[in-house]
2 protein chains.
Amino acid sequence: MVVDPARTYRYRAEERLRRTGARVTRPRIEVLAMLLAAPRALTHHEIERQVNRALGIDRVTIYRVLEWLTAHGLAHRISGDDRVWRFNAAEDERTHEHAHFKCNDCGEVICLDKAIAARSVPLPTGYRTQEIELTVKGLCADCVPARADRHRRQGPAQHRQ
Amino acid sequence: MVVDPARTYRYRAEERLRRTGARVTRPRIEVLAMLLAAPRALTHHEIERQVNRALGIDRVTIYRVLEWLTAHGLAHRISGDDRVWRFNAAEDERTHEHAHFKCNDCGEVICLDKAIAARSVPLPTGYRTQEIELTVKGLCADCVPARADRHRRQGPAQHRQ
DNA sequence: GCTCTTATGCAACATGGTTGCATTTGACCC
DNA sequence: GGGTCAAATGCAACCATGTTGCATAAGAGC
């Protein structure tokens, strides 16, 4: 039996939305489905390009949907050093460990959640830890081979947004 | 013997600038002196408020000076989740470990460099680590006691910028 | 299908940072 | 001390990312 993959993600998205008790709307379904389908964290831009073009959903709505999904634990937001937020579907509706990898060349961000035990870090007296965020930066599998080459000719790639 | 502390920092700043071999200018001296004097990372805003008001140095120049200091290893840039860059004087002109504490209440950022051994983190096949960035978030010594209290009355504080 | 709340779309705005270009200035040389 | 010239500065205009206010549309319970 052949299934349209996008449809499957939409269905899963709808289900999750329904569980929150809030309204299940087209923009929420589409954005969450896109996050569920993505193998890495997506920027507002990437989502807008697809969802706005296909369905004419407004960019402000997308911002608001992303904020709402984050607030309701269906997605989480990763802030990098390029001043662009990236979003993931929350794997299992509990908070995750905020461990990420970011490619210094193409800007790709992926989650590393597992494996990273958030150990305690010594702080000055009186300070209190609430969360620990670990970001590994480097080169992703696509950029490791491409890099030396590309740099010789034209400098680093534009980051995906 | 009594010494004007600001003058001392300016002197140290000048010395470091001179060692780079590049031009030693007023904006560079002032900005670097301010970073050297600060016990925590400063935002462009904080620097601008002081340096622009006192000396009329342009905000664009401050941006460029900060960029230049960073590129020359005299300062480093910390990017938080509020889309604001913060700057530290580089302690010893070698790269540091990028371990920071950020207060979730007032936004203060301090360096934790020591103590945090950058251990290796397992990545997917083909990925390569270049740097590891560790940010601990929580409450600073000033905000731990103030918080419960303030929250009851008026919500969290504005971050410093 | 009616009603009421909530979400959406649109336009205008805010913030943080960048670029282009004419003018000024630090540093080297005499 | 003064001349020279590349490099730094100041200014204005710009850009990217994200926000706000408000009128309209559309879920969901009945």
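Coordinates for the structure precede this section.
Every value quoted in this text rests on a predicted model; they were computed, and no experiment measured them.

**Considering the protein's contact with DNA strand C**
So, point 1. As a matter of local geometry, DNA strand C sits amid 24 residues, with Arg23(A), Arg28(A), Thr61(A), Arg64(A) and Gln161(B) nearest to it.
So, point 2. Close to the protein, within 4 Å, the atoms of DNA strand C belong to sugar or phosphate groups at a rate of 62%.
So, point 3. In the model, a phosphate oxygen of DNA strand C is placed 2.7 Å from a nitrogen or oxygen of the Thr61(A) side chain.
So, point 4. One nitrogen or oxygen atom from the side chain of Arg64(B) is found 3.3 Å from a base oxygen belonging to DNA strand C.
So, point 5. The leading source of residues in the surface near DNA strand C is helix α4 (residues 59-71) of chain A, at five residues.
So, point 6. Among the residues forming the surface near DNA strand C, the class breakdown is 10 nonpolar, five polar and nine charged.

**Details of the sheet that holds strand β2 (residues 75-79) of chain B**
All names here are of chain B.
So, point 1. Strand order across the open sheet formed by three strands is β1-β3-β2, with antiparallel pairing between neighbours. Two strands bound the open sheet, and with one partner strand each, they are β1 (42-43) and β2.
So, point 2. Two strands pair when backbone bridges link them, and β1 and strand β3 (residues 85-89) are joined in this way by two bridges, in the antiparallel orientation. Bridging across to β3, Thr43 finds its partner in Arg86.
So, point 3. Those strands touched by helix α4 (residues 59-71) are β2 and β3, and its axis lies near 110° from that of β2.

**Description of the relation of the copies chain A and chain B**
So, point 1. Mapping chain A onto chain B leaves a residual RMSD of 0.1 Å; the transformation is a rotation of 180° accompanied by 0.1 Å of translation along its axis. Taken together, the rotation and translation describe the operation of a two-fold axis.

**Some remarks on unusual backbone geometry**
Among all residues except glycine, the phi angle is most often negative; among peptide bonds, the trans geometry is most common.
So, point 1. The backbone of Arg83(A) shows a phi angle near 65°, a positive value even though the residue is not glycine.
So, point 2. For Arg83(A), a relative accessible area of 37% puts it in the partly exposed group.

Thresholds, definitions, all that
Residues numbered from 1 in each chain as written. Chains lettered and ligands numbered in written order. Predicted model: local features only at pLDDT ≥ 70, side-chain atom pairs only at ≥ 80, totals over all residues. Heavy atoms only, no water. Near = heavy atom within 4 Å. Polar contact = N/O pair within 3.5 Å; in protein donor to acceptor, adjacent residues only side chain to side chain. Helix = DSSP H or I, 4+ residues; strand = E, 2+ residues; numbered from the N terminus. Nonpolar A, V, L, I, M, F, W, Y, C, P; charged D, E, K, R; others polar. Pairing = 2+ DSSP bridges. Contact = heavy atoms within 4.5 Å. Axes fitted to C-alpha atoms, helices over the stretch in contact; angles between N-to-C directions. Least-squares fit on C-alpha atoms with pLDDT ≥ 70 in both. Buried < 20%, exposed > 50% of the residue type's maximum accessible area, 1.4 Å probe, protein only.

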